[in-house]
Amino acid sequence: MRMSCSGCRVLRKGCSESCTIRPCLQWISTAQSQANATLFLAKFYGRAGLINLINAGPKNLRLETFKSLLYEACGRIVNPVHGSVGLMCSGNWHLCQTAVDAILSGTPINEVSSDIRHDNNSNHGLHKIKCRGGRFKRSTSKRKMKQQVEEVYESI
């Protein structure tokens, strides 16, 4: 009887000779790193989603598919808007590689946000608008409205 691969063991599914995950984990050196990568991807894409995404491509590209899914998932954690492609185009690929290394070692990924919407410490030249009163703009004041109502009653 053959032992389950690290990926199947962490997903708690049976491993067979035609295992989908086993060939994808050959490039990862330790069993614990293989388990960490598989568990991370299963949490990110879902267990069935991960298996379906790997099975969707040709058998000879399953290893590259797994790597691509891992890098894209890590890229989306670091940069949720643009992902790994955005990190590569902006010259910040090292952040994606650091995130993949963190997943393989079992440490949490440090999320880096460069979006000004999430930066509360600086105003970037933007000024806050100060409101006087309520949420909605009033077309007329209360006093003016009261005068108009009195004029209408007087004319009747």
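Anything mentioned here points back to the structure above.
Below you will find a few notes about this structure.

Definitions and limits used
Residues numbered from 1 in each chain as written. Predicted model: local features only at pLDDT ≥ 70, side-chain atom pairs only at ≥ 80, totals over all residues. Heavy atoms only, no water. Core = buried A, V, L, I, M, F, W, Y, C linked by side-chain atoms within 4.5 Å. Buried < 20%, exposed > 50% of the residue type's maximum accessible area, 1.4 Å probe, protein only. Helix = DSSP H or I, 4+ residues; strand = E, 2+ residues; numbered from the N terminus. Contact = heavy atoms within 4.5 Å. Expected span 1.5 Å × (residues − 1). Phe/Tyr/Trp six-rings, centres within 6.5 Å; stacked < 30°, edge-to-face > 60°. Lys NZ or Arg CZ within 6 Å of the ring centre and 35° of its normal.

## Structural notes on the nonpolar core
Residues Phe 40, Leu 41, Phe 66, Leu 70, Cys 74 and Ile 109 are the most contacted members of the largest nonpolar core, which totals 30 residues. Among the elements of the structure, helix 1 (6-11), helix 2 (31-45), helix 3 (47-56), helix 4 (62-78) and helix 6 (93-105) are those that each provide at least two residues to this core. Per element, the largest residue contribution to this core is seven residues, and it comes from helix 4. When neighbours within four sequence positions are excluded, Phe 40 is seen to be in contact with Leu 70, Ala 73, Cys 74, Ile 77, Ile 103 and Ile 109.

## Overview of helix 6
For helix 6, spanning 13 residues, the distance from its first C-alpha to its last is 19 Å, which sits close to the expected 18 Å at 1.5 Å a residue. Within helix 6 the residues assigned to the buried category are Cys 96, Ala 99, Val 100, Ala 102, Ile 103 and Leu 104. Residues of helix 6 that are buried make contact with helix 2, helix 4 and helix 5 (83-89). Once helix 6 ends, the next one or two residues include Gly 106, with phi positive near 90°.

## Things to note about the packing of aromatic side chains
Per the stated rule, a full pass over the model turns up three aromatic pairs. Between Phe 44 and Tyr 45 the ring centres are 4.9 Å apart and the planes differ by 75°, which places this aromatic pair in the edge-to-face class. The exposure class assigned to Phe 44 is partly exposed, which follows from its relative accessible area of 34%. According to the relative accessible area criterion, Tyr 45 is partly exposed, its value standing at 24%. Ring centres 5.5 Å apart and planes at 15° place the aromatic pair Tyr 71 and Trp 93 in the stacked group. Of the two residues, Tyr 71 sits in helix 4 while Trp 93 sits in helix 6, which places them 22 residues apart along the sequence. Given a relative accessible area of 18%, Tyr 71 falls into the buried group. By way of ring pairs, the aromatic residues Phe 40, Phe 44 and Tyr 45 are connected into one cluster. Positioned above the aromatic ring of Trp 27 is the side chain of Lys 67, whose terminal nitrogen or guanidinium carbon lies 5.1 Å from the ring centre.

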